[in-house]
Amino acid sequence: LSRSSLAALFAFAVFGSANASCPSGNDPNCAWEPFNPYSCGADLECPYTTRCDAEAAGYNIEADCCQSPQPSACGLIFDPLVCGSKQCPYDNQCIAELAGYTAGQCTSPPPTCPEASKDCSGEPNNPYTCGSNRCEYRSICDLESAGFTTSDCCQDTRTTSACASIEDPVSCGRPGGKQCTYSTQCQADAAGYSSNQCCNGIPATVACASIYEPVVCGADPYWCGYANQCEATAAGYSEAECCRQPDQNTPCSGEFAPVYCGQIGCQYSNACLAESAGHDSNSCVKAPGTYSSSADTADTTSAASCKAAAGAGAAAALAAAAANFA
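Participant: Give me the side chain of S39: which residues, what numbers.
Facilitator: Considering the arrangement of structural elements, one finds S39 in strand β1 (residues 38-40). Polar side-chain contacts of S39 include one of 2.8 Å to the side chain of S68.

Participant: Give a detailed account of the packing of aromatic side chains, specifying residues and quantitative values.
Facilitator: Centre distance and the angle of the planes are the two values used to describe a pair of aromatic rings. If you walk through the whole model with that rule in mind, you get 5 aromatic pairs. On the numbers, 5.7 Å between centres and 55° between planes, the contact of Y137 with F148 is tilted. Of the two residues, Y137 is situated in strand β8 (residues 135-137) and F148 in the loop between α4 (140-145) and β9 (153-155); the sequence distance between them amounts to 11 residues. The class of F148 is buried, set by a relative accessible area of 16%.

Participant: How would you sum up the environment of G131? Please name residues and give values.
Facilitator: Here G131 shows up in the loop between β7 (128-130) and β8. Take G131: its relative accessible area is 31%, and that puts it in the partly exposed class. For G131 and P89, which are 42 residues apart along the polypeptide, the C-alpha to C-alpha distance reads 9.0 Å. In this view, G131 contacts F148 and D152; residues no more than four positions away in its chain are not counted.

Participant: Could you give me a rundown of the confidence of the model for the protein chain, with the residues and numbers involved?
Facilitator: Confidence in the prediction for the protein chain averages 78 pLDDT; 81% of positions are at 70 or higher. Of all the helices and strands in the protein chain, helix α9 (residues 314-325) carries the lowest mean pLDDT, 33, while α4 carries the highest, 95. Confidence drops under a pLDDT of 50 for residues 1-18, and excluding neighbours within four residues, the segment shows 84 contacts in the predicted structure. Counting contacts from residues 290-326, a segment whose pLDDT is below 50, to residues more than four positions away or on other chains yields 65 contacts.

Participant: Could you give me a rundown of the side chain of Q70, with the residues and numbers involved?
Facilitator: By the secondary structure assignment, Q70 is in the loop between β3 (65-67) and β4 (81-83). Residue classification places Q70 among the buried positions, given a relative accessible area of 1%. Within the structure, Q70 has its side chain in polar contact with the side chain of Q179 (distance 3.5 Å). Among the polar contacts made by the side chain of Q70, one reaches the main-chain carbonyl oxygen of W223 at a distance of 3.0 Å.

Participant: Describe the pairing of strand β14 (residues 222-226), listing the residues and the values that go with them.
Facilitator: The side chains of a regular strand alternate, first on one face of the sheet and then on the other. For β14, the tally of buried residues reaches 4 of 5 residues, placing the bulk of the element in the interior. With antiparallel pairing between neighbouring strands as the criterion, strand β13 (residues 215-219) and β14 make up a hairpin whose turn holds 2 residues.

Participant: Requested: an account of the layout of surface pockets, with residues and values cited.
Facilitator: One number sums up the size of the second largest pocket: a volume of about 640 Å³. If you trace the second largest pocket, you find 32 residues lining it, with C74, G75, L76, I77 and I202 closest to the centre. Elements represented by at least two residues in the lining of the second largest pocket include exactly α3 (93-98) and β11 (180-182). Considering every element that reaches the lining of the second largest pocket, the biggest residue donor is α3, with 3 residues.

Participant: Before we move on, could you go through the pairing of β13 and cite the residues and values that matter?
Facilitator: Relative to β14, β13 is paired through 5 bridges, and the arrangement is antiparallel. Across the sheet, the residue bridging to G218 is W223, located in β14. Note: β13 against strand β15 (residues 242-244), 3 bridges, orientation antiparallel. Its bridge partner lying in β15, V216 is registered against C243.

Conventions and cut-offs
- Residues numbered from 1 in each chain as written.
- Predicted model: local features only at pLDDT ≥ 70, side-chain atom pairs only at ≥ 80, totals over all residues.
- Heavy atoms only, no water.
- Helix = DSSP H or I, 4+ residues; strand = E, 2+ residues; numbered from the N terminus.
- Polar contact = N/O pair within 3.5 Å; in protein donor to acceptor, adjacent residues only side chain to side chain.
- Phe/Tyr/Trp six-rings, centres within 6.5 Å; stacked < 30°, edge-to-face > 60°.
- Buried < 20%, exposed > 50% of the residue type's maximum accessible area, 1.4 Å probe, protein only.
- Contact = heavy atoms within 4.5 Å.
- pLDDT = per-residue confidence, 0-100.
- Pairing = 2+ DSSP bridges.
- 1 Å grid on protein atoms, 1.4 Å probe; cavity = no way out; pocket = protein on both sides within 12 Å on 5 of 7 lines; lining within 4 Å.
- Points joined across faces, edges and corners; volume = space filled by probe spheres on them.

Spelled out as structure tokens, the structure:
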């Protein structure tokens, strides 16, 4: 499945960086931009959930950032690649294609792991896996003396309790930031993550059609991205828990008149885009405190009541969306 020509991944808005050392643009209009995670900075240490957030924080997307699709949108296969002139790292070709790279633009990183440069034998055992080759280090002292920081690494399981020997993979971490994969949620929990910080992988036994109609599911700030609703359903999300991206071929205007739609309050920049995503206009309400070109006064309804109103008729709207994309 080739998706390299797609620039925007998902149409759902969330807010940017959770890293206190990373700049924030604080542009409220970014909340309505398509969900399209980026990692920015010298070491790609700053996560942003939209291109707008990254640019508002002062980054040049082409020079300073790598697009960072959610691993949950692909099988959680580890076959590392670095792509493009910026050498953006990805776990497999599917994720690289979601970021816009073809196979010819990617290469495998050198299969080497730097060794620790100091004796850390006196440090407590606290294992991490670091870098695009998933290099294993026994302690923070070891990884730091090998040239890594904890922001480059994933915490390994930190418990002697037994997890079931099954393959039910999850990827954990904030969109646009470091993504850590584990064989099960039990192992992710033991590494310090909670279930609301992780996205379920797609079971290897599930075969969905090779159709790219992306959805995001879950809750702010840890949205989970999938290539289509079939994959999201296989990962455990119902249609009512997901938001569809508008059809990119729909001729909608650039009017900024944002609306909430559906049972979980999916956000779109205008009603045309919401309808393109499969929502009935009757299931959508204008966002609070916003203007449109056809209105002179702001709607000051509370966000809570807007989202509650958006739930009215959601079942019919989601059924219509499913029918439209069947």
